[in-house]
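These are the residues of each chain, in order.
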Amino acid sequence: MTKDITTVDQYIAAAPAERQVILRTVRQTIKAVLPEAVEKISYQMPTYHQEENIVHFACAKQHLGFYPTPSAITAFQEALQPYKTSKGAVQFPFAQPIPYELIAMMTAWRLAEVKNKHA
């Protein structure tokens, strides 16, 4: 992806055609949980901001990168066992079904965390 992408629509359109349905579904999944969030490109990936950045996602060659912050990775450690994780990210391989429900649950958890922090 290039630096001249400024909207999530552009980001998805620039992705390989066979990945665009997945990216649109991830976007819809996140927006359903975060209807008030501002959608933007940050760190060259789709980002959802409500008081602070809640989650990001990105299209890599072999996987969907989902970035819900380190606290969410820790909170969902058990559910994330089948996937490769790092401090603040998880990789969902395109060769397997994307766990949209898990993405929704992690996004909702992050929203609650942010709301509690800013209460």
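Throughout this document, residue positions are counted from 1 along each chain, in the order its sequence is written. With the structure being a predicted model, the display of local features is reserved for residues of pLDDT at least 70 and the display and counting of side-chain atom pairs for 80 or more, all residues being used for whole-chain, interface and lining totals. Excluding hydrogens and water, the side-chain figures rest on all heavy atoms present in the structure.

Caption draft 1: Structural detail: unusual backbone geometry. For glutamine 44, which is not glycine, the phi dihedral falls at a positive 60°. Mapping glutamine 44 onto the fold places it in the loop between strand 1 (38–42) and strand 2 (45–50). Under the scheme applied here, a residue whose accessible area is under 20% of the maximum for its type counts as buried, over 50% as exposed, and between as partly exposed, the area being computed with a 1.4 Å probe on protein chains only. Look at glutamine 44 and you get partly exposed, because its relative accessible area is 41%. With a phi close to 80°, threonine 69 is a non-glycine residue in the positive phi region. Counting from the N terminus, the helices are the DSSP runs of H or I reaching at least four residues and the strands are the DSSP runs of E reaching at least two. For threonine 69, the position within the fold is in the loop between strand 4 (63–67) and helix 3 (70–75).

Caption draft 2: Summary view of the packing of aromatic side chains. Geometry of aromatic contacts follows a simple scheme: Phe, Tyr and Trp rings, the Trp one being its six-membered ring, pair when their centres are within 6.5 Å, and the pair is stacked under 30 degrees between planes, edge-to-face over 60, tilted otherwise. Using the criterion set out here, one finds four aromatic pairs in the structure. With centroids separated by 6.3 Å and ring planes inclined at 15°, the aromatic side chains of tyrosine 48 and phenylalanine 57 adopt a geometry described as stacked. By the burial criterion, tyrosine 48 is buried, and phenylalanine 57 matches it. Seen from their ring centres, phenylalanine 76 and tryptophan 109 are 6.2 Å apart, and the 85° between their planes marks the pair as edge-to-face. With phenylalanine 76 in the loop between helix 3 and strand 5 (84–86) and tryptophan 109 in helix 4 (residues 100–117), this pair connects stretches of sequence that are 33 residues apart. Take phenylalanine 76: its relative accessible area is 13%, and that puts it in the buried class. An aromatic cluster is built from Phe66, Tyr83 and Phe92, whose rings are joined through pairwise contacts.

Caption draft 3: Region of the structure containing the environment of lysine 31. With respect to the element layout, lysine 31 can be found in helix 2 (residues 17–33). Owing to a relative accessible area of 40%, lysine 31 belongs among the partly exposed residues under this scheme. In this structure the C-alpha to C-alpha distance between lysine 31 and phenylalanine 92, which are 61 residues apart in sequence, comes to 19 Å. Whether two residues are in contact is decided by their heavy atoms: any pair within 4.5 Å suffices. Residues within four places of lysine 31 in sequence aside, it is in contact with Glu39 and Tyr48.

Caption draft 4: Structural detail: helix 4. To estimate the expected span of a helix, count its residues, drop one, and scale the result by 1.5 Å. For helix 4, spanning 18 residues, the distance from its first C-alpha to its last is 26 Å, which sits close to the expected 26 Å at 1.5 Å a residue. Those residues of helix 4 that sit buried are Leu102, Ile103, Ala104, Met106, Thr107, Arg110, Leu111 and Val114. Where the residues of helix 4 are buried, they touch helix 2, strand 2, strand 3 (52–59), strand 4, helix 3 and strand 6 (89–93).

Caption draft 5: Local environment of the side chain of arginine 19. Relative to the helices and strands, arginine 19 resides in helix 2. Residues scored as positive are Lys and Arg, those scored as negative are Asp and Glu, and His as well as the terminal groups of each chain are ignored. Salt bridges are identified by distance alone: a Lys or Arg side-chain nitrogen within 4 Å of an Asp or Glu carboxyl oxygen. The side chain of arginine 19 is buried and forms no salt bridge, while glutamate 18, the nearest opposite charge, is found at 4.7 Å.

Caption draft 6: Representation of the sheet that holds strand 4. A pair of strands is considered paired only if DSSP assigns at least 2 bridges between the two. Taken in spatial order, the six strands line up as 1-2-3-4-6-5 in an open sheet, and their pairing is antiparallel. Each edge of the open sheet is held by one strand with a lone partner, namely strand 1 and strand 5. Sheet twist, expressed as the average angle between the axes of neighbouring strands with direction ignored, equals 20°. Across the face of the sheet, helix 2 comes into contact with strand 1, strand 2, strand 3 and strand 4 while running at roughly 165° to strand 3. Across the sheet, helix 4 touches strand 2, strand 3, strand 4 and strand 6, and the angle it forms with strand 3 is around 155°. The convention used is that axes are lines fitted to C-alpha atoms, helices contributing only their stretch in contact, and that angles between N-to-C directions extend from 0 to 180 degrees.

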